[in-house]
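Understanding the architecture of this molecule
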Amino acid sequence: MTKDHEWSDEKVKSFVASMEQKIDERYTPFAQQILQYSDQFHTNTVHLMIDIGCGPGFLGLELLRLAPGKRVIGVDPDKRMIRIAQRKAVEYGVSGFEARLGDAEQLPFDDGVGDIVVTLSAIHHWQHVPTGIREVYRVLKAGGLFIGKDRNRAHRKKQRDAEHDQGKHLNGLTLNEITTILQEAGFKIRLALDEAKYTIVAERK
Ligand SMILES: C[S@@+](CC[C@H](N)C(=O)[O-])C[C@H]1O[C@@H](n2cnc3c(N)ncnc32)[C@H](O)[C@@H]1O
């Protein structure tokens, strides 16, 4: 737990620089989608959103820019990402953001504190997805939502998969696989988009 990610310092730097150029195409639309699903599927007022594998924090910061007054806590096992996310929060000038060291398999929260848990392009990095999803269930309030978007193994070209899987991306899932894991943890699936990156919205009973 809380080990540095397998990425080199150079890779972290280039990832953050390249993602910073993609706020409008990558983070803003997903943040808008999250807020829309939250209105559509969540009946209570949203206070706390948790972003698992938050990296540089751009998703949470976009959520706060679009929905000021909420609280977002980003969680990441990589200390470098946590430091960067904290710095980006200051640069963004939004309030309500916190970055916490931790991983999906052992979330640093008490039971039932979160209204929404989100995750973008991170599930395929988790060490053990069923454990992470059970943790998501534990930290959500009843009726809370999990909204995840990640690479969909079923849509990857074979060659690219083979190259990728020589690295640390062995947990890349299909939409069917993540659906089953969520249902086994007790979630009710509210929406599932089977695209190159799947999007799944699941409700904690
Ligand atoms: C591709 S990056 C995506 C970062 C961020 N969600 C974004 O879209 O900018 C994957 C992130 O997952 C984090 N990560 C790796 N193992 C993890 C785990 N077991 N639990 C949660 N996050 C993890 C990495 O440190 C990294 O920041």
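Everything in this summary refers to the structure shown in the same document. In this convention, every chain numbers its residues from 1, walking through the sequence in written order. Local features in this predicted model are restricted to residues of pLDDT 70 or higher, and side-chain atom pairs are both shown and tallied only at a pLDDT of 80 or more, whereas totals for entire chains, interfaces and linings draw on every residue. To get the side-chain values, all heavy atoms of the structure are used, and hydrogens and water are removed first.

1. Here we look at the overall build of the protein
Numbering goes from the N terminus for both helices and strands, where a helix is a DSSP run of H or I of at least four residues and a strand is a run of E of at least two. Scanning the protein for helices and strands turns up 7 helices and 7 strands. Secondary structure elements in the protein, listed N-terminal to C-terminal, are α-α-β-α-β-α-β-β-α-β-α-α-β-β. Counting only C-alpha atoms and orienting by the principal axes, one finds that the protein spans roughly 45 × 40 × 30 Å. When a residue's accessible area, from a 1.4 Å probe over protein chains only, is under 20% of the maximum for its type it is buried; when over 50% it is exposed; and in between it is partly exposed. Counting over 205 residues, the protein shows a buried share of 53%. Residue contacts are counted whenever heavy atoms from the two residues lie within 4.5 Å of one another. Of the contacts formed within the protein by residues at least 6 apart in sequence, a portion of 74% connects residues at least 24 apart. All tallies of charge rest on Lys and Arg as positive and Asp and Glu as negative; His and the ends of each chain are not included. Charge coordinates come from a single atom per side chain, which is NZ of Lys, CZ of Arg, CG of Asp or CD of Glu. Charged side chains in the protein number 30 positive and 29 negative. The centres of these two groups are separated by 1 Å.

2. Structural notes on the environment of Tyr137
Within the fold, Tyr137 resides in helix H5 (residues 129-139). The buried category is assigned to Tyr137, whose relative accessible area is 18%. Taking the C-alpha atoms as reference points, Tyr137 and Asp111, separated by 26 residues in sequence, lie 8.8 Å from one another.

3. A word on the site of the ligand
Neighbouring the ligand are 23 residues, the closest being Arg26, Tyr27, Gly53, Asp76 and Leu120. Here a polar contact is taken to be a pair of N or O atoms separated by no more than 3.5 Å, where protein atoms must pair a possible hydrogen donor with a possible acceptor and residues adjacent in sequence count only if both atoms sit in side chains. One of the backbone N or O atoms of Leu120 is found 2.8 Å from a nitrogen atom in the ligand. When the ligand is considered free in solution it has 600 Å² of accessible area, and contact with the protein chains removes 97% of it. Its residues assigned to classes, the shell around the ligand shows 12 nonpolar, 6 polar and 5 charged. Near is defined per residue: the residue qualifies when any heavy atom it owns lies within 4 Å of the molecule or strand. Exposure was quantified through the Shrake-Rupley algorithm and a 1.4 Å probe, taking into account, for residues, occlusion by the shown protein chains and nothing else. All amino acids are sorted into three groups, where Ala, Val, Leu, Ile, Met, Phe, Trp, Tyr, Cys and Pro are nonpolar, Asp, Glu, Lys and Arg are charged, and the leftover types, Gly among them, are polar.

4. Structural notes on unusual backbone geometry
With a phi angle near 50 degrees, Ser121 is a residue other than glycine that sits in the positive phi range. Within the secondary structure layout, Ser121 lies in the loop between strand S4 (114-120) and H5. The buried category is assigned to Ser121, whose relative accessible area is 15%.

5. Observations regarding the nonpolar core
Residues enter a nonpolar core if they are buried and are Ala, Val, Leu, Ile, Met, Phe, Trp, Tyr or Cys, with the set joined through side-chain atoms within 4.5 Å. Counting residues in hydrophobic clusters, the biggest one holds 35 residues, and the most contacted among them are Leu59, Leu63, Phe97 and Ile147. Of all elements in the fold, only helix H1 (9-20), helix H2 (23-41), helix H3 (58-66), helix H4 (79-92), strand S3 (97-101), S4 and strand S5 (140-151) reach the threshold of two or more residues within this core. With 8 residues, the single largest contributor to this core is H2. If we skip the residues at most four places from it in the chain, Phe97 touches Gly57, Gly60, Leu61, Leu64, Val72, Gly74, Ala85 and Ala89. Ile133, Leu140, Ile181 and Ala185 belong to the second largest nonpolar core, which has 29 residues in total.

6. Some thoughts on the pattern of salt bridges
Between Lys or Arg on one side and Asp or Glu on the other, a salt bridge is scored when a side-chain nitrogen of the former is within 4 Å of a carboxyl oxygen of the latter. Under the criterion given, the structure shown has 12 salt bridges. Note that Asp78 and Arg80 form a salt bridge whose closest N and O atoms lie 2.7 Å from each other. Both residues of the pair, Asp78 and Arg80, count as buried. Between Asp115 and Lys141 there is a salt bridge; the shortest N-O distance is 2.9 Å.

7. Remarks on H2
When the terminal C-alpha atoms of H2 are compared, their 25 Å separation across 19 residues agrees well with the 27 Å that a helix rising 1.5 Å per residue should span. Among all positions of H2, only Ile23, Tyr27, Thr28, Phe30, Ala31, Gln33, Ile34, Leu35, Tyr37, Ser38 and Phe41 are buried. How far a helix is expected to stretch is found by multiplying one less than its residue total by 1.5 Å.

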